[in-house]
Amino acid sequence: MVEPIKLSTREQRERLIETAHYNLFLLRAEDVIIDLLTDSGTSAMSAEAWGAMMRGDESYAGARSWYRFRDTVKDIFGFEQVIPTHQGRAAEHILFGVTVKPDSIIPNNTHFDTTRANIEFFGGKAIDLPCLEADDLESEYPFKGNMDIAALENLIVDEGSERIPIIMVTVTNNSGGGQPVSMANIREISRIARGANIPFYIDACRFAENGHFIKRREPGYENTSAADIAREMFSYADGCTMSAKKDAFANIGGFLCTNDAELAQRERNILILTEGFPTYGGLAGRDLEAIAVGLREILDEHYLDYRLLSTRYVVEHLRELGIPVVVPAGGHAVYIDSRRFLPHLEPLQYPGQSLAVELYVEAGVRGCEIGTVMFGADPHNGDERPARHDLVRLAIPRRVYTQSHMDYVLEGLNLVWERRSDIRGMRIVRAPKYLRHFTAEFDWI
Ligand code: F0G
């Protein structure tokens with residue numbers, strides 16, 4: 001597939017972003033030159049995946065496409081029960097709907113926004129327990145996505161295991177700078193969870209990228225195949241949630257897995273109410289086919305090498321320009337530290353939002369704030385506090401952009417960097433209670 005890119009002028013973009021209330025989610029995609037808003041559902045599918053879509057079996061129950069999908073998921077992830085959903089958050093909604101009670105606590109290395117919101121929607125509390133190294137955005141520690149094991153143990157002692165229906169870990173840690181989680185850390189979390197009799201789930205969105213970081217950075221895995229690393233990772237867990245829009249190259253799709261047949265039955269009851277019959281979930285047969293192909297392709301180690309190296313290319317060039325960026329390079333995205341980029345702004349002046357807007361105005365590049373706009377409001381009482389970090393994420397769709405597109409992004413960022421001291425902060429004019437970053441309206445201070 002080839003898609004045209006429409007060029008625009010700075011004056012046009014100034015008007016467009018003002019009309020969108022300075023919220024990049026409210027722009028028309030055709031008004032974006034390079035779209036790094038997300039790597040979710042935006043990847044380029046292969047000829048194999050498009051070919052497989054043509055044989056999609058759209059039977060309501062027991063379609064051939066379902067069995068191909070189910071067998072692939074079982075083979076790679078190793079869980080007994082597979083529940084197809086239309087995307088990752090639907091899997092989360094079903095999982096938390098059957099497990100979270102109003103006083104529940106769910107720890108994670110760092111919850112993604114939909115994970116956190118789904119837990120809070122059911123009255124639970126989502127707690128982030130990133131490792132200490134994650135706080136230092138400049139530390140080169142190879143597994144900054146790890147969970148703080150001591151903090152997890154303390155949480156279980158302080159709150160009691162009966163209040164914790166699930167322990168989760170997100171691979172790679174998207175909201176924490178796209179950093180990987182080591183096999184050793186996953187093994188430790190599993191040991192603690194099993195000791196406390198708490199089910200352990202992996203948010204598996206970028207499992208193959210995480211696995212490749214394990215291969216390249218964790219001693220003992222140099223010669224282990226991507227498929228074997230994935231199998232080992234999931235062997236420590238009791239289930240997973242997955243968005244096939246990430247490490248399955250699909251435009252839509254997801255699933256929920258468990259080894260607990262009784263739990264799966266309760267989940268399927270909700271699935272039928274909200275998504276569809278258990279052999280298609282929220283998906284068409286052709287989507288099930290595309291995912292089955294994508295899950296195999298993502299384990300191609302040549303692809304995974306290319307993926308990690310091309311993200312590192314952007315990070316290394318940003319460092320050469322002096323632009324503050326989270327290191328080491330993650331897999332799916334580059335994270336710019338907007339607090340160090342715009343040190344004259346307070347976190348509650350949303351430096352990440354300012355920077356993301358300025359990058360759009362400068363170069364037509366769309367990124368996404370991951371900071372105080374996304375995580376700063378407490379939905380229970382409306383209080384506002386600075387998030388742990390204020391980052392701008394430039395997520396890189398899989399197999400879409402070339403090095404010259406990325407060079408254009410680097411040039412645009414450098415132009416913003418050169419006039420950084422003139423950049424103003426922002427205020428929120430209007431915002432909803434949950435997931436406010438998608439629809440909030442902003443203005444310059
Ligand atoms: N978990 C993680 C770690 C994610 O990154 C996402 C989505 C989800 C769950 C939810 O999956 O979109 O299929 O419902 N992340 C996208 C992003 C939207 O841009 O990072 P979904």
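Please refer to the structure higher up on the page.
None of the values given here were measured: they were computed from a predicted structure.

The rules behind each value
- Residues numbered from 1 in each chain as written.
- Predicted model: local features only at pLDDT ≥ 70, side-chain atom pairs only at ≥ 80, totals over all residues.
- Heavy atoms only, no water.
- Helix = DSSP H or I, 4+ residues; strand = E, 2+ residues; numbered from the N terminus.
- Rg over C-alpha atoms; globule rule 2.2 N^0.38 Å.
- Buried < 20%, exposed > 50% of the residue type's maximum accessible area, 1.4 Å probe, protein only.
- Contact = heavy atoms within 4.5 Å.
- Areas by Shrake-Rupley, 256 points an atom, 1.4 Å probe, with all protein chains shown as cover.
- Lys, Arg positive; Asp, Glu negative; His and termini not counted.
- Charge placed at Lys NZ, Arg CZ, Asp CG, Glu CD.
- Near = heavy atom within 4 Å.
- Polar contact = N/O pair within 3.5 Å; in protein donor to acceptor, adjacent residues only side chain to side chain.
- Nonpolar A, V, L, I, M, F, W, Y, C, P; charged D, E, K, R; others polar.
- Core = buried A, V, L, I, M, F, W, Y, C linked by side-chain atoms within 4.5 Å.
- Pairing = 2+ DSSP bridges.
- Axes fitted to C-alpha atoms, helices over the stretch in contact; angles between N-to-C directions.
- Disulfide = S-S within 2.5 Å.
- Parallel < 35°, antiparallel > 145°, perpendicular 65-115°, else oblique.
- Left-handed = near helix turned anticlockwise from the far one by under 90°.
- 1 Å grid on protein atoms, 1.4 Å probe; cavity = no way out; pocket = protein on both sides within 12 Å on 5 of 7 lines; lining within 4 Å.
- Points joined across faces, edges and corners; volume = space filled by probe spheres on them.
- Salt bridge = Lys/Arg side-chain N within 4 Å of Asp/Glu carboxyl O.

> Could you clarify how one ought to interpret the overall build of the protein in this entry?
Regarding its fold elements, the protein presents 16 helices and 14 strands. Against the compact-globule benchmark of 22 Å for 445 residues, the protein has a radius of gyration of 21 Å, which places it among compact chains. If you line up the protein on its principal axes, its C-alpha atoms span 60 × 55 × 45 Å. Counting over 445 residues, the protein shows a buried share of 60%. Considering only contacts within the protein whose residues lie at least 6 apart along the sequence, 72% involve residues at least 24 apart. Of the accessible surface of the protein, which amounts to about 17800 Å², a share of 51% is contributed by carbon and sulfur atoms. Averaging the locations of the 48 positively and 65 negatively charged side chains of the protein gives two centres separated by 3 Å.

> How should I be thinking about the site of the ligand in this particular structure?
Taken together, 17 residues sit near the ligand, with Thr-38, Arg-89, Ser-243, Lys-246 and Arg-393 positioned nearest. For the ligand, an oxygen atom lies 2.9 Å from a polar atom in the side chain of Gln-87. A distance of 2.8 Å separates an oxygen atom of the ligand from a polar backbone atom of Gly-88. Protein burial of the ligand: of its 470 Å² of free accessible surface, 95% is covered by the chains. If you tally residues by element for the shell around the ligand, the top one is helix H4 (residues 88-99), at three residues. Across the shell around the ligand, the residue classes tally to two nonpolar, eight polar and seven charged.

> Hey, could you run me through the nonpolar core in this one?
As a rule of thumb, soluble globular proteins bury nonpolar side chains together. Ranked by size, the top nonpolar core spans 59 residues in total, and within it Phe-77, Ile-167, Ile-202, Phe-207, Phe-234 and Leu-295 carry the most contacts. Residues Leu-24, Ile-34, Leu-342 and Leu-355 belong to the second largest nonpolar core, which totals 46 residues.

> What is the right way to read the sheet that holds strand S5 (residues 167-170) from this model?
Two orientations exist for strands paired in a sheet by backbone hydrogen bonds: parallel and antiparallel. Strand order across the open sheet formed by five strands is S2-S8-S7-S6-S5, with mixed pairing between neighbours. Only two strands of the sheet have a single neighbouring strand rather than two, namely strand S2 (81-85) and S5. Recorded for the sheet is a direction-independent mean angle of 15 degrees between the axes of neighbouring strands.

> Explain the pairing of strand S8 (residues 254-258) here, please?
Residues in a regular strand project their side chains so that they alternate between the two faces of the sheet. For S8, the buried fraction is high: five of the five residues fall into the buried class. Neither face of S8 is exposed, since Gly-254, Leu-256 and Thr-258 on one face and Phe-255 and Cys-257 on the opposite face are all buried. Pairing of S2 with S8 involves five bridges; the strand directions are antiparallel. In the sheet register, Pro-84 faces S8, and the bridge partner there is Phe-255. As paired strands, strand S7 (residues 239-243) and S8 are joined by five bridges and run antiparallel to one another. Paired with Ser-243 across the bridge in S8 is Gly-254.

> I'm lost on unusual backbone geometry in this one. Help?
Across residues other than glycine, the phi torsion is negative in most instances, and most of the peptide bonds are trans. Val-171 connects to Thr-172 through a cis peptide bond whose omega is -25 degrees. Residues Val-327 and Pro-328 are joined by a peptide bond in cis, for which omega reads -10 degrees. Residue position: Pro-328 is located in the loop between helix H12 (301-321) and strand S9 (333-337). With a phi close to 55 degrees, His-21 is a non-glycine residue in the positive phi region. A residue is classified by how much of its surface remains accessible, and His-21, at 34% relative accessible area, is partly exposed.

> Explain the state of the cysteines to me, please; I cannot follow it from the model alone.
Any covalent bond linking the sulfur atoms of two cysteines counts as a disulfide. Throughout the structure, instances matching the rule amount to zero disulfides. For Cys-240, which is in no disulfide, the shortest distance to another cysteine sulfur is to Cys-257 and amounts to 4.0 Å. A relative accessible area of 0% means that Cys-240 is categorised as buried.

> Sorry if this is basic, but what is going on with the packing of helix H14 (residues 351-363) against helix H16 (residues 403-418) here?
When two helices pack together, their arrangement is captured by the angle between the axes and the distance separating the axes. One way to put it is that H14 packs onto H16 with a least axis distance of 9 Å and a crossing angle of 115 degrees. Overall, the two elements H14 and H16 adopt an arrangement that is roughly perpendicular. With respect to the hand of their crossing, H14 and H16 are arranged in right-handed fashion. Where H14 approaches H16, its residues Leu-355, Glu-358, Leu-359, Glu-362 and Ala-363 are matched on the opposing element by Tyr-408, Gly-412, Leu-413, Leu-415 and Val-416.

> Looking at this model, I keep getting lost on empty space enclosed by the protein. Mind explaining?
One way to see where empty space is left: roll a probe the size of a water molecule over the atoms. Using the criterion set out here, one finds one cavity of 30 Å³ or more in the structure. Estimated volume of the largest cavity: approximately 70 Å³. If you go around the largest cavity, the residues you meet are Asn-23, Leu-24, Phe-25, Leu-37, Gln-353, Gly-367, Cys-368, Glu-369, Val-373, His-437 and Phe-442. Residues of the lining of the largest cavity, tallied by class, amount to six nonpolar, four polar and one charged.

> Help me understand the pattern of salt bridges, please; the structure alone is not making it clear to me.
If the charged atoms of two oppositely charged side chains come close together, the side chains can form a pair. Under the defined criterion, the tally for this structure stands at 37 salt bridges. Between Asp-75 and Arg-296 there is a salt bridge, and its shortest N-O distance comes to 3.0 Å. Here Asp-75 is found in helix H3 (residues 64-77), whereas its partner Arg-296 is found in helix H11 (residues 285-297), with 221 residues between them in sequence. On the basis of relative accessibility, which here comes to 42%, the residue Arg-296 falls in the partly exposed class. Of the charged contacts, one joins Arg-116 and Glu-120 as a salt bridge, the two residues approaching to 3.4 Å between their closest N and O atoms. Here the residue Arg-116 and the residue Glu-120 both occupy positions in helix H5 (residues 113-121), the gap between them amounting to four residues, near one helical turn.

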